[in-house]
Structures are given as C-alpha cells and as structure tokens.
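Observations on chain architecture
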Amino acid sequence: MKKGLVDKKTALTLLQAQESAGGILDPVNSIFLPRDIAVRHKLIDEELKRSLIQQPECYVDPDTEKCVTYESLKRRCKTEPETGLLLLPISETQDPKRLIFDGIRKPVTAQQLLDCEVLDKPTFNQLLKKEKTMQEVSTAKKVSLKGTGVIAAVIAGDRGKMSFAEAKKHGLIPIDSANKLLEAQAATGHIIDPGTNEKLTVVEACDKGVVAKEDRERLLAAEYAAVGYTDRSTAKPLSVFEAMKKGLVDKKTALTLLQAQESAGGVLDPVNSIFLPRDIAVKRKVIDEELKRSLIQQPECYVDPDTERGVTYESLKRRCKTEPETGLLLLPIFLKKDPTKQIFEGVRQPVTAQQLLDCDALDKPSFTQQFTGKISVLEVSTNKKYTFEGTEPIAEAIAGNQGQKFFAEAKMKGLLLEDCANIRLEAQAGTGDIIDPRTNQKLNVKEACDKGEVAIEARDRLLAAESAAIGYIQRTTAKPISVFEATKKGIVDRMQTEKTTIERLETEEKTVTLVSTTKKVNLKGTGVIATVIGGNQGKMSFSDTKKQHPEDYMDTEMEKSAINESSKTWSKTESHSTLLRLPISKQQDSTKLIFDGIRKTVTAQQLMDCGVLDKKTFTLLLEGKKTVSDVSVDKKLHLKGTGSIGGIAAGPLGKMSFTEARNREIISADSAIFLLEAQAATGYIIDPRTDQKLTVEEAYSKGVIDPHDRSRLSAVEAAALGYQDPNTSKLLTASQAMRKGLIDKDTALRILQAQESVGGILDPFLGVFLPRDIAMDRNIIDKELYNVLNSIPDCFLDPNTQHRTNYASLKRKCKLNPTTGLLLLPAPHNPLTVQGLRGKVSLSDLVDANLLENSDVENIREGILTIQDIEQRLQSYLRGSTCIAGVYDETSNRVMPIYEAMKEGLLAPGTTLELLEAQAASGFVVDPVKNINLTVTDALNRGLVGPEFKDKLLSAERAVTGYKLPDSDKMMSIFETMERGLMERGLGIRLLEAQIASGGIIDPIHSHRIDVNVAYKRGYFNAEIYQILADEGDDTKGYCDPNTDEKHTYMELKQRCIFDENTGLILLPILDNNDQQHSTQRNTLRKRRVIIVDPDTNREMTVREALNTGLIDYNTYIELSMQECEWEEITTTSPDGSSRMLIVDKKTGKEYNISELLEQGVIDQSIYEQYTSQSISLNEFAAIIGGKRQRFSKLSLSLSSSSSSLLNQGNPGDTVTSAKCSSISTRPLSQHFGKCTTTRTTTVSGSSSIVSREVSTSAETLKHLSGVSVIVSSTDETIGEQEPVGAIFDADNLEKVPILEARNRGIVDSITAQRMLEAQACTGGIVDPSNGQRHGIKEACVLGLIDDKLAPLLKSAEKAYVGFENVRVKSKLSAAEAMKEKWLPYEAGQRFMEYQFVTGGLFDPELGCRRTIEDALNIGWLDESTARKLQDSRRHSKNLTCPKTKLKISYKEALDNCLLEETTGVRMLQASSMSSRGISSPYSISSAPGSRTCSRSSSRVASRRSSVDLGTPTSSVSKQISSTSYSLSSFSSSSAL
C-alpha cells in the first residue's frame, strides 16, 4: 500500500478478512498474528490499526446489498457438519434481466426500470426475492408502464361515439383539432379504434381504415415520438428532444407531442418504452431544462373542437367521460350547424354554406333557413343543383349498331375524328370531370387515365384543360387562379392557347355558368365576375371575343365548323342517367381496334401483321360482326398466355409465393429465383395470396420479392418489355440482348423456355406470345436458339428433387387452384439429409458430387434403402478421416496423441504442427487413446493440443469450415485463399494433399468430401495445383518422418504407419533408438536438386522436365544434373567402441572415409569440427572434401576468428538453420533459358543442424560499395518508425528499380514482390520510389506503381492500415482485432502484424498511430504467445526470397539488408542475378537450403519455412548512399568493413 501497489480501501478490505480469520497474515512466515504484534513486526502501522478497530464496512451483504463488515457476515454463516465449512445463507434471487414487463411499445426489464428510477431499490429487491410478483409491480407502476390513457374519440350527442377521423370527415370537429388529437394518440404509443377498443400502430390503423391514408405520413412522424426518431448516422433511436436538436422536428411540434405524453403518464422514453416523470426525463436527457420550463408553462397546443380556441391537452382530458364498458376517454362535442361546417358537393370538391353565401351562389334567405335548420343541406343542394353542379356536358358518342362509345374509345376505333374527340374530352375536363358513360361516374383526369378511359398520351393535354376547372397554380402564392388570370400572368401562353382558353371558357359558359377556381362552384351570369376573371378590371363578355376566332368544334357528320352548343342541341339525353350522348356514323379503323396484350396494348392491325389474326376474323372485326371481346377470348393464348407457375401449394392458406417458400427453406434458393425469373419474363410477378399480377417494382414495394432479388428480376423483366441497347437506346429482344452480352445464354434459354411454355415466344414490341416459327421469322429469336429450344433443355430445378428439369414438366406437376385459377407446385418433400463433417448434407448435394446416383435417392424414398445405409456407405466422405491419428511409441509400447509425443521429446514441434494441421484440415483433431474426433476448440479445452498451436490449427480447420472473405459472408476454399494471397502457397498445397490422402478434398460449403476431379470442376483448385497434387512429386513432400528425417508426401508417410486393430486408427510408429545404436549411431541423408522456373508460367520443374519442354539444352542439362547429389553420412560404431564415418553420394556411388582423410591430412581437423558442431552442412562438408568449395573453405577458415568477435556484437541467441550450396553458372545456357529463366538449387535435409550465422564480405561485394557507413546494432532493436522496403537496388546494373518493374524483369519473384507491396500497404501506402511518397491502392494503380492484378490482392493489407470497417459499432478494427473477428485469415494477419511491428509498431486505425506490444497486450489485441512471437524476430515467417542470395528471409532481415537513399528516404533491397550463396526455390520452402530439419533426436523446431540470407551480415546494418547517381567507378572498398 505504501508503494502504491494497492489502495488503502483494498488493503483494509483484505486485512479485515485476515483479522476475522485469525489475525494479520504474515506472508513471510505464513502465520496469523494478533493486531499489536503485527504492528510490532511492521506488517501494519498504527494508522491501519486504528482503521481496523473502527470496523469499516468493507463488504456487501448479498441480500440487502448494504455495506457490512466481514465479521458480521461470518456470524450469519452456518457450519456444514461434514466439512466444517462456513456457508453464508442467501435468499434465492432472480435475474433482473429476465424479469420482463410490458412497456408502451416493447418489453422492458426490471433492471432497466431500476436504472430509470421507475422501480426503487426495495421494490427491486423484493421482486428479485419473489416477495413481490410481476403482476403486483405492474399494477403499482401502471402509470409508467401503460400511462393513464389518451383521449380516444368524441361522443357527439345522439350520434354516439365516433373516431376523430370519422368526426373530421363529417365536419363535426375542426380538421386541425382532429389532426392534433390523432397525433397525440400516435405520440403516446397507439392509435385507438373506439369501435373495437383496439390499440393499433399507425400502419395498422391505416390498413384497417381507422385513419385516412392521407394522414398516414403525418401520424407516422408523430409516432416517432413513441418509438424513436431514426438517426441515420448511428441508427440509434432518438427522443423528441434529440430529434428537435437535430432539426428533425420543430419546437412547437415537440411541445405538442410532449404535452400529450406528459398528460398520459410522463415523458415517453423511446429507448425503454416507458413514461418518465419530468425531472427523471431531464436527468436521462430525454428532454432538457428549457423544454421542461416550457412544459411547466402549459402552452395551449391543442384546439377545442367546440370553441376552436387553443387549449391544453390536460384541459381536454378533464372534460372527457369514461366509457364504462371499455374505459376509453371520450370527448363530448356539441352538434350545431355552423355555416362553415355545412358542406355541399361542388364541381370538384366540397364547398361550405359560408363560401356559397360569399360568392352569391346562395341567397341570404336560403342561407338563413339552412343555418336555423329549417331546410337541410340536401334540400338546398337540390334547389341549387343548377348552380352547384351545372348541366351535363356531352358524355359520349352513339355509333350505330356498335352502341355507346366513350370519346377516347370512339377516337381509337376511328369512329370519331381525333380533333373532334380531343375537344370534347377537353370540354368535359374543363367543366370539372371526365364522364364514364358505362358507369355514369365522374372522374378526374388522373383517375380516367388510370382506369384506361383515356389514353396516357392525352393526359397532359387534359390536365391542362382540367386546370380551367380546378385553377392554375400560382407559384408565388400557391393559390389557384382562373384561365384568364393564368393568361395575364403568363402561366398560359397567350399566342398558342388563346383560342383554346376561349373555347374552355365558352364551354363552361354553355354549361350555364363559369367555374370558380377558388370555390369550385359554378357562378351565375353570362358574363365573368370580376373577382374571378378580371380582378378589379371589371367584366368582359365572350361575344366580342368569339368573333375574333373561328368556331373550332367539328361536326362529325358534316365535317364543318359548328359550335359546342349546336352539338349539344342534337345530342340525345339518356333517360336513366341524364347523360348527353352524341350520335355518329359507323366507321371502323383497324388501328383503332385495341386489344390488351402483356404489359401493353396491341391493335387489330398489328395482330393481323404478326399472324395472330387471320384474314377472316380480321374482316369480321372491321365489319362489327365480331367484337374485340369476342376475339380476345378466341386469342387468349396469344394475348394472355396460359399462365406461369404462381407459387407453392403450402402454408396455412394452401398457397405461398416462391420468395416466402425460399425464406422458410421449403424450396432451395436457386429453384426459387429461377421460378421468379420465369414469372418476370412472362410479364408479371404473381402474388398467390392476393391473386394479383404485379410488376417487379410493385412486387418489391408489397414485399412479394426480397430486396436482393429486385435488380436481378428487373433485368429479366426486360424480356417482356424489351432490353435497352446501351449504345442506341433501341429496344432489344432477349435473343438480341444475349448476342450483345447483356444476358448470358443460360438466362436467355431459361427466359425463352418459360415464355414458350406459357404461350409462345413473347414479342416485347407488341406484348403478345408468338409461335416459335413466327418468332424466328420476325427475328425475335435466331436459328441457334430455335434449335436449342427444340431440344427442350433442362433450364430449371425441380424443387422436390433438385434435379435439372424443364419448365413444361414443372407445369405438368402443378395443381390448379379452383378459387383463383393459379398453377401451384406441390410442396416438396422434406429434404433428405445425412450428417456431414460439420452439418447436414442433402442427398442432392451428394448426387451432384457423383457420390450417389438418382436411383439411390428414389430407393430411399421407397424404403428400399435407409439414411443409415447411405451414411455407412459414404462414411469416408461424410465423417471419416484416415489421417494419422496419433503416435505409437515402440519403446514404451504406448499409443499417445501427437501433442503428447512432442512434450515427451518424441516429435519435434515442427513435425507436430504439420501432423496436427493435417488432422485439423482433414476434419477433426483425433484423440487416439479415446478414439474420438474433436474440433480444434474442443481439443484445446481438453489439452489435446497446446495453446501455442491454437491460431495455426484454427486456420487449418477453416479448410473444413471455409475461409470467410473479409467484409462479406462468402466462404472461400483453400485454393481461393491461396489465390488472394491470404495463405502461403506451400501450406495450402500441403493441406490439400493431406485432405486427399485422408479421404478426399473437403467441400467447405457442403460439408463433405469430394473426389479430386469433382473438386477441380468446382474450381477448388486450378490446373497447376491439380497437376502438382496428381504428380505427388517433391512439391507435396511437406511431411517429415521422425524416424529417418526424410521428407515425404502425406500418403507416403501414411504408408509407413501401422493400423490399430482396437480403434481402427492409423498410428505413426516411433522406432526404438536402442535397436539402431548397436550398429549405427547416425545415418543422415542430404539431397540437393536443381529447380528450373518457367518465366512465363512461374511453374517449377526438374532438370529433366526443363529439358523435355525445351527450356534448357542438353549441355545445360548435363551440367545441372552433375550438381544434383544425394549425400548420406553413415557413422558405424564397432563393439570395441571405435567409430567409423563414411560420406557416400548415393547418386554417383562416390564415397569418402572421414577417418582416413583426417589421418592423411586431406581435410583439416577444424573443418571436421565445424561439421560435427553443425556449423556447416553435410553438402558443404562433401563439397569441401571434393574440392568444389575451395573458395568457401578458405573464406570460412580466414574468418573463423573474426566471425565470432563480430557475432558477439549481435544477439547472442541469434542462431538459425542454414546450409550452403555450390554455385552454378549464370551464363545463358540456351536460347530460351538465357532470356530470364531462373535456376535455383535446393537442398533437402533429413537431419537437423544448428549453425551460427556467418558474416562474410566478398571482394565482389566490396567493390560495389563506396562511401558506405556501416553501423552494427542489435538485429532485434527497432528505433522509431521505419520506412518499408520501397524499391529494389540492382547491384549488377547499379540502378534503383520499382518493385513492380523488378518483378516483371525477373529480378524478384512474384510472391516476394507481393509481400513487399503488402508491407507497404499495411504500413501507410504504396511507396513511389521516385520521391518516397505513399499512395493508396487506387492511386498507386493509376500511377502504375502496381497493376490491376495486384490491386485486389493488396486490399486486405491496406485495410490493416486504414482499418476494417465494423458496421455494427461504426468503428475501425486493426489487423489484430480483425483476426480475432475472423475477418482476416491467420496467415495474412500474422504477416501484416510482423510488417507493422518491424517498421515501428502495430497500427491503430482508430487513433491513427502506432502501438507498442505492451499497449496491444493491455487493450486485448494480442495474447502473450502472439506478443512473444512478434517480439522475437527470429520467429518471424521467412516468406520472402532474397533477390540477392535467393534464400528465404524474413521481412526484418530484408529491412536490415537495405540501402537507404538519402534524397528520398527510400529503402532499397539489394538484388543480383548471380546468387551470392546459392539458389533456392521461393515456393518449395521445405527444401530450401538451410531449412531446419525435423529430427526428433535433436528436439529442435522443424521449420519448413525457414532459411537465411547468408550473403549479408547478421547484425543490423544501416547503409546510406550519398547520391542517387550510381556508377561503377563511384564504388570502392570501405574501410569500415
């Protein structure tokens, strides 16, 4: 406490417990001491002693949650007789989060009520202890939970109870008053239906007709006060106050809504959905102090329905009466005849008695009689009908024996001249309404267009005419004005419309009066009232105006000018409807005979032209002997088709849309979308519940289709309407769209097959179905599609079997719904599934994978086979794994798990990881003792594997479950992960090889194994990987035999295993070493092979393969073959204890006796000691003996003393595995090979060797360095933030080369280039080598620093710097956090963290700064194991190939070996076409020179991924080049070296 490690309160708490237990505990002697003695021994001081005497209440009583002393708790304890333990009795409590109350609109927990101070602490505790029930608390807190109620409706005298909407509609209360009272209901949670006493949401109230649809948006806005306004930036619900602050509502509206809430129970908290007292609402920031003061002042925000004066909501509530049966609050209102409330029907809208009086349409006596109730509104309307509604305009034409025809129809059928029909339609619109003579309905122009009574193209003209009746809108005042005023103000162009304007005014006048655009009633007189037309300019007559213009109404019979009045004169009045009908002569025009097609109309002439109508039918139609309706019935197949499949016969209604069936998993997603496409392609999406045919947009708005299907179905819908050519905007058929690449061939065939099955190929220009032959003649389909459709391809999926089928066969399976006539597919049987590796697998998936036949599925349905039979037959594909399950130790005759064998020293950690990764990637980690399969997580929990392997094994396990693509839910296979650069190629191949050897490639999407050829077809790897896996060459030899230290494929290693008869598992035997030591102490094998890399394909091949493909000539083949060797060391121990060492080249038979060579002095004892101490490898030792490495021998001898002194300056523990290879000639050896073919020599080691890193400086290196200052520092020491490797320094040509260019020129391999660019992207951006500036991926792509293929591979690395977007919490995750969320694969995430660490620290995208490892640990980014791995640079992955030495190096080593350009600060990694220490493969990592071996005898880490650049110093060397101008003469030896 004195040193600040604990605070005083904590110290007192701990000491009080000690004292109660026996005294102050002496940690040195581990005994309790009395308080005074403790003071004497300085365990406590006097101050602490006094504090303890005061008995502070440091503990919390679990029942009361009050502070108590530890002693008081002990006194309450009971002693358990059996154990003597002190047990503290506590009351049983409930979880407050599970005590749910009903709030206003959603549930609320007891804990939330306590936090909001609605519940006090005692009540809360009583509730937890079950001393009070939920019902009791709900009743006590009813005001907060449900409120006191709102005004539900009005009660209007003898008319009884009535909703606000109904009262407003009948004019019983003012509109403003009704609107505000409805808003008050919405703001307090619900709209009340007084008829049923239901509480409804606004949407429900609109759907049920409780409120008018025009009030919907306003009430939804008020409802937000109860459920919360939406904050677009955070998606968090906002209170009224918060919405007001953000400008979503104004203050007056906020006060109005809050006053209603407060009167109903309190301010409503939309988050918790409860009413809060005003003060608590302020405290919880639901309102602020200013709003509180405003509410206290009780503003009059509402309107009294009787007096129309402002009142408070509370005053209205006090006037209410409570209905006994329902408890609803009803507001009484008086029934009186207010002249402003007495409504008459005008021309286009209601008009009040007061308005009629003001415009002289109603005389004063009539007004007085109506106001006093002596005459009714109906009586006044009857008397004044002439004024209110006028006489009727001409409604329709009578066409001989064709009967009555609407003007638009008469025009379309050629019975009426177009101008004549147009003027008469305008006459109707200008006098108020378009008349439907069939139903005697009066329609506005929009309604007439919607009902198809007038053509869409006439809409704008008729709307302009209609403005004469409803008024032109003045933009400045938004008030309607008359035609004359519109002409004066320039709203209507005078020159072009004067004639039409006069015509409309004349038409109005001829119907007796002019229409007032402000009152919507007809005004008396033959002139124009000044206030309507001329303002204060006086009256004007039409008599003079008409003389200035010719009469423009056409007489249809005489085709000469006639005025509208004369037309009315000889019109006939229909007796039952009083409509005026204009008789005309019989005329037939084929282009005016209109039929309804698919989504558009089509004329008789068009049907004749496309062959749908024959000549005879066409003639009968023209002569009137057949009607359009008659022909429509005959030609229904072409005009409407037979109908597409409407849905699935499932669900409670017996019918269900495909979308709903898919969402309920009744049918598969593919089957559903194909069937929806068929509907869209044939004209309409069908809603089987309502039997509606909808466009795609209508279906989307009504929820019949899901949002993610909208764009796809809209694209298919174009097959019915026509695709739009992006170049010419011309409409295209599906066939033409396919040829232009707008849709693929499969989609086109699916569309056309569905259309043909419904009625024929749909002509998108006419909207009719055509036979296939006619469709081809009209170029709607081409010959190729014609032939394919003839073959009836299987374009759809049977929802029941998931087999491919055609649309016609699906239609044949349908049942006809007797009520709606819809075709419904029977609901599919429950899908047959079996248990797979991680979940259920459908039998259809197994059929697709060629693991089952269709007959097997049918046999299961018929009961011949069972699911268990299938699971037994396909056990190896579904559950089983023949991976190496464990280890058999011959010495102890024990079976043990692989991890346990490592702990006992039988396996090296590297070998252990390899075998465990193979298990995880093959399905499960196996416990060979208990014979159980476990997931990696379960295996970790059981201790079957160690935490140090956790991340790598979880990553390997995703080969089974699928690798998740960052920022999406898409799952990737191993190959896709490799292709995206998220997994090392070597590791991926190794895991695939393990899967194949243990039963087959695992399909991570369908959770079962598949054969290699099926996996290849599904794209789980490409041809190159397929060839590698099929050849079983050295590329797949990634597993080490711990007995011989040799590399093998997984299959070869399995062949060396034994079979455990008890468990059926495969075990790797560990041979008894004692048996071998009788004759041989060590038998070590070393191989060296040369790998040729094809520069075009990057494929690696042996020397023989390179010769066969022509990459090298025969002489080169001989030269390189001679460099391949297979050295074996045999050490034999004789019975007398003497030993004999032989080195044998198994390829050539060459043999060296080491003892004899030492005796003869051929080799020096120091060389031999270097080999036995593992400072040099077996190959190097053999090369020295054979005279092939004299240069190396002399160099290693001369530096034997200096190396040790220089090494002491570095990290003492900095030792790595290494091996050296003989160099090979780099001259062009053949025409192909000389261009840019890379030759790498790879050494495969079968035994581990540990050597110190060697420091050498060749003369060749020295002559290229001038003015170089060399600073020797610790390799693991990073000072400040460093720049990443920004470019390559070509030591041969002395030039700086951008990384992309270096890759293209073959200076660096593609993987190394990608890794270096990843390091740039995850540390701040792609480096521009010319100036050192950093750029984002898009900008770098534009600048040419990277190409389009690299850009997507670097996106994850860039996100490691800019942050992975977490859309749920709107934050940016670092690479470490993204790995935890599984958004970033382990291998990629580990690389990015290594790059960031060695350049200055892990990057925090939220704060935009670097973090130390300690910070990362504290904030939970890393665990201790990962932190240690990052801090130890020797454990960093060696995923780069040094472009100078051709050896594997880590990024830290690459940074250490860079040159620094002073002018730009760009770090340049040295490169040379000539390897300074031999050539190794950048891919075949397991065989790289210097890779650590997997000998269990040495018990050192087996690393297939490790090697070192021996051509560079061990210590960190900082090199600065003084000038960017490089020339050979400027370099000389540096004395510093």
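Keep in mind that this is a model prediction, so the values were computed, not measured.

**Side note on the sheet that holds strand β47 (residues 823-826)**
Strands sit in the order β37-β47-β46 across an open sheet of three strands; the sheet is mixed. The sheet is open, and its two edges are formed by β37 (645-649) and β46 (815-816), each paired on a single side. Here β46 runs beside β47; their pairing, made up of two bridges, is antiparallel. Looking across to β47, one finds that L816 is bridged to L823.

**Here we look at the sheet that holds strand β20 (residues 329-332)**
Working definition: the strands of a sheet are paired by backbone hydrogen bonds and lie parallel or antiparallel to each other. Across the sheet, which stays open at both edges, the four strands sit in the order β10-β9-β20-β19 with mixed pairing between neighbours. Strand pairing shows two members of the sheet lacking a second neighbour, β10 (161-162) and β19 (321-322), which therefore form its edges. Summarising the sheet, β19 and β20 pair through two bridges and their orientation is antiparallel. Opposite T322, over in β20, you have L329 as the bridge partner.

**Notes on the nonpolar core**
The nonpolar side chains of a soluble globular protein tend to be buried with one another. Among the nonpolar cores identified, the biggest contains 130 residues, and L846, I870, F1021, Y1050, I1288, I1346 and L1422 are the most heavily contacted of them. When residues in this core are grouped by element, the largest group, seven residues, is from helix α72 (residues 1386-1398). What I1288 contacts, discounting residues up to four positions off in sequence, is E1295, K1296, V1297, I1299, A1302, I1307, V1308, M1316, M1468, L1469 and A1471.

**With respect to a nonpolar patch on the surface**
On the surface, a cluster of nonpolar side chains totalling about 290 Å² of accessible area is made up of M1, L5 and V6. Summarising the element assignment, M1 is placed in the segment before α1 (8-21). On the basis of relative accessibility, which here comes to 36%, the residue M1 falls in the partly exposed class.

**What to know about helix α16 (residues 289-296)**
Considered for burial, the residues of α16 that qualify are L291, K292, S294 and L295. Taken down its axis, α16 places every buried residue within 160 degrees of arc, on the same side. Downstream of α16 by one or two residues, Q298 has phi in the positive range, about 50 degrees.

**Some remarks on α72**
Between its terminal C-alpha atoms α72 stretches 18 Å, which fits the 18 Å expected from 13 residues at 1.5 Å a residue. The buried fraction of α72 is high, at 13 of 13 residues. Of the residues trailing α72, G1400 is marked for its positive phi of about 140 degrees.

**Some points on the packing of aromatic side chains**
Evaluated as defined, the whole model comprises nine aromatic pairs. Put simply, the rings of F674, F796 and Y807 pair up and form one aromatic cluster. When the ring centre of Y1039 is taken as reference, the NZ or CZ atom of R990 above it lies at 5.6 Å.

**What to know about the confidence of the model for the protein**
Per-residue pLDDT for the protein averages 77, and the proportion of residues at 70 or more is 76%. Low confidence marks residues 504-566, where pLDDT is under 50. Its contacts with residues over four positions away, or in another chain, come to 141 contacts. Contacts from residues 1075-1082, a stretch scored under 50 in pLDDT, to residues over four places away or in other chains number 14 contacts.

**Brief notes about the pattern of salt bridges**
Close approach of charged atoms allows side chains with opposite charge to pair. Under the definition given, this model contains 59 salt bridges. As a salt-bridge pair, E65 and K121 come within 3.0 Å of each other at their nearest N and O atoms. Within this pair, whereas E65 is found in the loop between β3 (59-60) and β4 (67-68), its partner K121 is found in helix α6 (residues 121-128), the two being separated by 56 residues in sequence. For R662, the salt bridge is made with D709, and the minimal N-O distance between the two is 2.5 Å. Taken together, the residues span a long stretch of sequence, with R662 in helix α34 (residues 658-663) and D709 in the loop between α36 (696-701) and α37 (710-721) at a distance of 47 residues. For the pair formed by R662 and D709, the shared burial category is buried.

**A few points about unusual backbone geometry**
Keep in mind that most residues, glycine aside, have a negative phi and that most peptide bonds are trans. Positive phi, normally seen in glycine, also occurs at Q55, with a value near 50 degrees. The topology assignment puts Q55 in the loop between α3 (46-53) and β3. On the accessibility criterion, Q55 (54% relative accessible area) is exposed. One non-glycine residue, S1007, lies in the positive phi region at around 65 degrees. In this structure, S1007 sits in the loop between β56 (1001-1003) and β57 (1008-1010). S1007 sits in the buried class, given a relative accessible area of 9%.

**Re the packing of α1 against α3**
When two helices pack together, their arrangement is given by the angle between their axes and by how far apart the axes lie. One way to put it is that α1 packs onto α3 with a least axis distance of 10 Å and a crossing angle of 65 degrees. If you check the angle between α1 and α3, you find them roughly perpendicular. The way α1 lies across α3 gives a crossing that is right-handed. Of the residues in α3, those touching α1 at K8, L12, L15, Q16 and E19 are E47, L48, S51 and L52.

**What about the pairing of β47?**
Two elements, β37 and β47, share four bridges in a ladder whose sense is parallel. Across the sheet, G647 pairs through a bridge with L824, a residue of β47. The antiparallel pairing of β46 with β47 creates a hairpin that spans six residues between the two strands, and G821 there sits at a positive phi of about 80 degrees.

Rules used throughout
- Residues numbered from 1 in each chain as written.
- Predicted model: local features only at pLDDT ≥ 70, side-chain atom pairs only at ≥ 80, totals over all residues.
- Heavy atoms only, no water.
- Pairing = 2+ DSSP bridges.
- Helix = DSSP H or I, 4+ residues; strand = E, 2+ residues; numbered from the N terminus.
- Core = buried A, V, L, I, M, F, W, Y, C linked by side-chain atoms within 4.5 Å.
- Buried < 20%, exposed > 50% of the residue type's maximum accessible area, 1.4 Å probe, protein only.
- Contact = heavy atoms within 4.5 Å.
- Patch = residues over 30% accessible without salt bridge, like charges linked within 9 Å, V, L, I, M, F, W, Y side chains within 5 Å.
- Areas by Shrake-Rupley, 256 points an atom, 1.4 Å probe, with all protein chains shown as cover.
- Salt bridge = Lys/Arg side-chain N within 4 Å of Asp/Glu carboxyl O.
- Arc of directions from axis to C-beta.
- Expected span 1.5 Å × (residues − 1).
- Phe/Tyr/Trp six-rings, centres within 6.5 Å; stacked < 30°, edge-to-face > 60°.
- Lys NZ or Arg CZ within 6 Å of the ring centre and 35° of its normal.
- pLDDT = per-residue confidence, 0-100.
- Axes fitted to C-alpha atoms, helices over the stretch in contact; angles between N-to-C directions.
- Parallel < 35°, antiparallel > 145°, perpendicular 65-115°, else oblique.
- Left-handed = near helix turned anticlockwise from the far one by under 90°.

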